[in-house]
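In case you want the letters, here they are:
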Amino acid sequence: MEGQYRRRVRYKGTHPKRYEEKYKEHDPEKYADTVEKVINKGSTPAGMHLPVMVGEIFHFLQIQPGQKGLDATLGYGGHARRMLEQLQGRGQLYALDVDPIEIVKTRERLARAGYGPEIITVIQENFANIDQIAAAYGPFDFVLADLGVSSMQLDDPCRGFSYKVEGPLDLRLNPKTGVSAAERLKDLTQDELEGMLVENSDEPYAAEIAAEVAKSLQRKNPIQTTMQLKEVIERALSFLPENGEKKELVKKTCQRTFQALRIDVNSEFEVLEVFLDKLPGVLAPNGRVAILTFHSGEDRMVKKAFKQWKKQGLFCEISEEVIRPSAEECRQNGRARSTKMRWAIRS
């Protein structure tokens, strides 16, 4: 009958090229065979996010049915789904995400899997405001914060998170608030941009990139798209000798530059600092928290905060060494390689 279904968009050739036509990327869980093949090759299926260090996280959290927990960074919902499995229908999971686009998809995805409001409460909120969440719903027996950007955001050209595809240079986790990365570049001085690249991503070519960005803007050549920024980076590194290593150096520099801009645009270090300051106050006695970081700056902040709270007696135990994913997980999921996990237990 008319109106019961919508015919899939047709495209030229054997494979869709435009992201909006890539039907598998928009609903990858429908295509289990394709997903399995991609994972077995050591890649993340486009449109999906593979949860990192699942075994290590849940070995530590020791979630029990009837407990109350907080997933501070819901994302695709991979970790949340495993938390819900361990709750076995008893207790409640509260899940936060600042992204208004992905949170809707994840709520629907979890509902289709049988997890509705009777067991999970999904809230669009920045995890810097966990004190407000705890005042309404806490304290929590367990907390997880995965600080990595979600693969779905990286894969969608419209979000501007990746240098690999053309898209607006946005990089905002919540595109409805704040300024885009393109606007931010216009506001930064050359010295400020250089300092930001060093602080946020340890970029060794920060001076050259900042100088080339300034030169481009002075010539009235706006940097409004991901490809335009990539081209600026390539020009900044044009002094490097043409050899087999240059392509990899350019790639790594693009990754670090986009990371630094994303951290700046979303005030990620400032938000993390506020989250860590409030963390002891949202945990129940003997409550457990695990945090996954993907950048040395983040890890240093978590390590420092955990040590401080233990010294003050608010945490009775913390991880003395960083925990890393196994070699097997890194082989299956390349995006896990930079992950570091730290944990703590509330007194």
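In case you missed it, the structure is sitting above this.
Residues numbered from 1 in each chain as written. Predicted model: local features only at pLDDT ≥ 70, side-chain atom pairs only at ≥ 80, totals over all residues. Heavy atoms only, no water.

**Q** Explanation requested: a positive patch on the surface in the structure shown.
**A** On the surface, Lys164, Lys247, Lys251 and Arg337 cluster together into a positively charged patch. The topology assignment puts Arg337 in the loop between helix H15 (327-332) and strand E7 (340-346). (Patch = residues over 30% accessible without salt bridge, like charges linked within 9 Å, V, L, I, M, F, W, Y side chains within 5 Å. Areas by Shrake-Rupley, 256 points an atom, 1.4 Å probe, with all protein chains shown as cover. Salt bridge = Lys/Arg side-chain N within 4 Å of Asp/Glu carboxyl O. Lys, Arg positive; Asp, Glu negative; His and termini not counted. Charge placed at Lys NZ, Arg CZ, Asp CG, Glu CD. Helix = DSSP H or I, 4+ residues; strand = E, 2+ residues; numbered from the N terminus.)

**Q** Please explain the pairing of strand E4 (residues 140-146) as it appears in this structure.
**A** Look at any regular strand and the pattern is simple: side chains alternate between the two faces of the sheet. Taking burial as the measure, the seven residues of E4 include six buried ones, the bulk of the element. Taken together, the six bridges between E4 and strand E5 (residues 283-293) define a ladder with parallel strand orientation. Looking across to E5, one finds that Ala145 is bridged to Ile291. (Buried < 20%, exposed > 50% of the residue type's maximum accessible area, 1.4 Å probe, protein only. Pairing = 2+ DSSP bridges.)

**Q** I would appreciate a short explanation of the packing of aromatic side chains in the present structure.
**A** For the structure on display, the rule yields seven aromatic pairs. Arranged with centres 4.7 Å apart and planes meeting at 25°, the rings of Phe60 and Trp343 form a pair that is stacked. Of the two residues, Phe60 is situated in helix H3 (residues 54-61) and Trp343 in strand E7; the sequence distance between them amounts to 283 residues. This pair shows no difference in class: Phe60 is buried, exactly as Trp343 is. The ring of Tyr76 has Arg109 sitting right over it, with the charged end atom 3.7 Å from the ring centre. (Phe/Tyr/Trp six-rings, centres within 6.5 Å; stacked < 30°, edge-to-face > 60°. Lys NZ or Arg CZ within 6 Å of the ring centre and 35° of its normal.)

**Q** What am I meant to see in helix H13 (residues 268-282) here?
**A** An α-helical turn contains 3.6 residues, so a residue and the one three or four places further along point in the same direction. In this model, H13 (15 residues) spans 20 Å end to end at C-alpha, consistent with the 21 Å of a helix rising 1.5 Å per residue. For H13, the principal kink sits at Leu276 and spans about 30°; a proline, Pro280, occurs within the next four residues. Along H13, the positions that sit buried rather than exposed are Glu268, Phe269, Val271, Leu272, Phe275, Leu276, Leu279, Pro280 and Val282. (Expected span 1.5 Å × (residues − 1). Bend = angle between axes of the 7 residues up to and from the residue.)

**Q** Would you mind going over the sheet that holds strand E1 (residues 68-71) with me for this structure?
**A** Where strands meet in a sheet, backbone hydrogen bonds hold them as pairs that are either parallel or antiparallel. The seven strands lie next to each other as E3-E2-E1-E4-E5-E7-E6, forming an open sheet whose pairing is mixed. For this open sheet the edge positions go to strand E3 (120-124) and strand E6 (315-318), each flanked by a neighbour on one side alone. The average undirected angle you get between the axes of adjacent strands in this sheet is 15°. Of the pairings in the sheet, the one linking E1 to E4 comprises three bridges and is parallel in character. (Axes fitted to C-alpha atoms, helices over the stretch in contact; angles between N-to-C directions.)

**Q** Please explain the pattern of salt bridges as it appears in this structure.
**A** Side chains that carry opposite charge are capable of pairing whenever their charged atoms lie near each other. A complete count under the given rule lists 15 salt bridges for this structure. Measuring nitrogen to oxygen at the nearest pair gives 3.5 Å for the salt bridge that ties Glu102 to Lys105. Here Glu102 pairs with Lys105, and both are found in helix H5 (residues 102-112), just three residues apart, close to one helical turn. Take Glu102: its relative accessible area is 4%, and that puts it in the buried class. A salt bridge links Lys215 to Glu212; the shortest N-O distance between them is 3.7 Å. In this pair, Lys215 and Glu212 are both assigned in helix H10 (residues 206-218), three residues apart and thus about one turn of the helix distant. Judged by relative accessible area, which is 10%, Glu212 ranks as buried.

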